[in-house]
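Residue-level listing of the chains:
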Amino acid sequence: MTTQLADEASMVDRILRHIDTRSTDLSDGVWHEPVAHYLSQDRFAAEIEHVFRRTLTPFCPSAALAEIGAYVARDAALTPVVAIRGADGIARAFRNACRHRGVQLVDGAECRKALTCRYHGWTYGLDGRLRGIPDDYGFPGLDRSAHGLVPVTCIERDGLVFVSQDGPAATSDAGDMPTLFGDDWKLYATTTQEVEANWKIVAEGFLEGYHIRSTHQDTFYPLQYDNLNVIEAFGRNSRISFPYRRIEKLRNVPPSERKTTGMLTHVYHLFANVMLSTFPTNRLMTVLEPLAVDRTRLVTYTLSNQIAAEDGRAAVAQGRDFVTAGAAEDREMACAAQRGLATRANAHFTFGLFEGAIRHFHQNLAAAIESRTDAR
């Protein structure tokens, strides 16, 4: 695996060579992941505490907070969190709990001028400060400045809002990733689904193309190649490129003029649990949110720069339907793999040389857990 993302000309050249030699990118070795890591409650708890709550990861796209007062509220690492656009234009994130009696303030995604608790009416500004208490004489001596919403680390860059709950992280390690969501990319839809599978099993389905023909016979395979991928690493993250068969049209195009737009899908894995996928008419940000050792919530944001025009919206809808069909097949495989754990047929899963991005993922996940555990 590489450590720097290839430019478009290099990417196309690499793919065409793979097509000609019937090859694909290979990793440095085979990886064996213990099956216990998909079943153990202790391992799941360690992932939540030492990785998810301490890693700066994308919480939502900036386009989901397009207006002042726009917010996204959802659970992250089993913790209710709300990200909101302040009156000063800054995105902030808070623990989603009233400072009076702890009631969760908001759900879903809306736009408000302030956040008011439904229980007793305590009101907070968009900056998290406590602004109002009904009949405040009942709380003599209360220091309002000490009873604002509890903030969590939040930064915004490259069209993404990153959040870290317990760690002091100030920057993400996605520095080499190109900006995928510029100002012209708007939120088209947000969907939520639950999958009865461990979050790592779900993640693994995004990270290799070894299954394209057998799993996606009538969806992705007619347009893509089986087991032909370019795999690149940057920090703890990776990019897996899935070329379309039409990329062969670039053979007669001068290398300096070759462009990958419409010729492939990039899947960016941002450690630990976010997938950013590029398609001709839209781009997806999918958060794999662990709910339990055997259950995962998928929160998918669909964005496009074509929805201003009616024909653009129709193209986005058509492209989204195509991706949805293939994604359903991946979820089916994830659930089947989860059910297969009960057979106790395997002590470990074997990830081959074609599955280098999965190896990279598990290496970094193990290192993150071990480093936190050793520091205790």
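What counts, and at which threshold
Residues numbered from 1 in each chain as written. Predicted model: local features only at pLDDT ≥ 70, side-chain atom pairs only at ≥ 80, totals over all residues. Heavy atoms only, no water. Buried < 20%, exposed > 50% of the residue type's maximum accessible area, 1.4 Å probe, protein only. Helix = DSSP H or I, 4+ residues; strand = E, 2+ residues; numbered from the N terminus. Pairing = 2+ DSSP bridges. Axes fitted to C-alpha atoms, helices over the stretch in contact; angles between N-to-C directions. Contact = heavy atoms within 4.5 Å. Salt bridge = Lys/Arg side-chain N within 4 Å of Asp/Glu carboxyl O. Polar contact = N/O pair within 3.5 Å; in protein donor to acceptor, adjacent residues only side chain to side chain.

Asker: Can you lay out the pairing of strand β15 (residues 264-270) for me, pointing to particular residues and giving the numbers?
Answerer: In terms of burial, β15 is a largely internal element, seven of the seven residues being buried. Across the two faces of β15 the burial is the same, with Leu264, His266, Tyr268 and Leu270 and Thr265, Val267 and His269 all buried. Pairing of strand β14 (residues 237-243) with β15, which is carried by six bridges, proceeds in the antiparallel orientation. Opposite Ser241, over in β15, you have His266 as the bridge partner. Relative to strand β16 (residues 274-278), β15 is paired through four bridges, and the arrangement is antiparallel. In the sheet register, His269 faces β16, and the bridge partner there is Met275. Linking two consecutive strands that pair antiparallel, namely β15 and β16, is a turn of three residues.

Asker: Residue-level account of the sheet that holds β16, with values.
Answerer: Overall, antiparallel pairing links the seven strands, which are arranged β12-β18-β17-β16-β15-β14-β13 in an open sheet. Only two strands of the sheet have a single neighbouring strand rather than two, namely β12 (186-195) and β13 (230-234). Across the sheet, the axes of successive neighbouring strands diverge by a mean angle of 15°, strand direction being ignored. Summarising the sheet, β12 and strand β18 (residues 295-304) pair through nine bridges and their orientation is antiparallel. Along β18, the bridge assignment pairs Glu194 with Arg297. Packing against the sheet, helix α1 (residues 8-21) makes contact with β13, β14 and β15, and its axis sits at approximately 140° to β13.

Asker: Give me the lowdown on the pattern of salt bridges, citing residues and values where you can.
Answerer: Any two side chains of opposite charge can pair, so long as their charged atoms come close to each other. This structure, assessed with the given rule, holds 21 salt bridges. For Arg17, the salt bridge is made with Asp13, and the minimal N-O distance between the two is 3.1 Å. Taken together, the positions of Arg17 and Asp13, both in helix α1 and four residues apart, correspond to about one turn of that helix.

Asker: Account for the pairing of strand β4 (residues 79-85), naming residues and giving values.
Answerer: The buried count for β4 comes to six of seven residues, which makes it a mostly enclosed element. Following strand β3 (residues 70-76), the chain reverses through two residues before pairing antiparallel with β4; Ala77 in that reversal takes a positive phi of roughly 55°. Summarising the sheet, β4 and strand β5 (residues 91-95) pair through five bridges and their orientation is antiparallel. Within β5, the position partnered with Ala83 by the bridge is Ala93. Where β4 folds back onto β5 in an antiparallel hairpin, the turn is made up of five residues, including Gly89, whose phi is positive at roughly 85°.

Asker: Let's hear about the side chain of Asn198: which residues, and what values?
Answerer: Locating Asn198 in the fold gives a position in the loop between β12 and α3 (199-206). Overall, the relative accessible area of 1% leaves Asn198 in the buried class. A polar contact of 2.9 Å, which involves the side chain of Asn198, links it to the backbone oxygen of Val293. If we skip the residues at most four places from it in the chain, Asn198 touches His37, Tyr38, Val293, Asp294, Arg295, Thr296 and Gln338.

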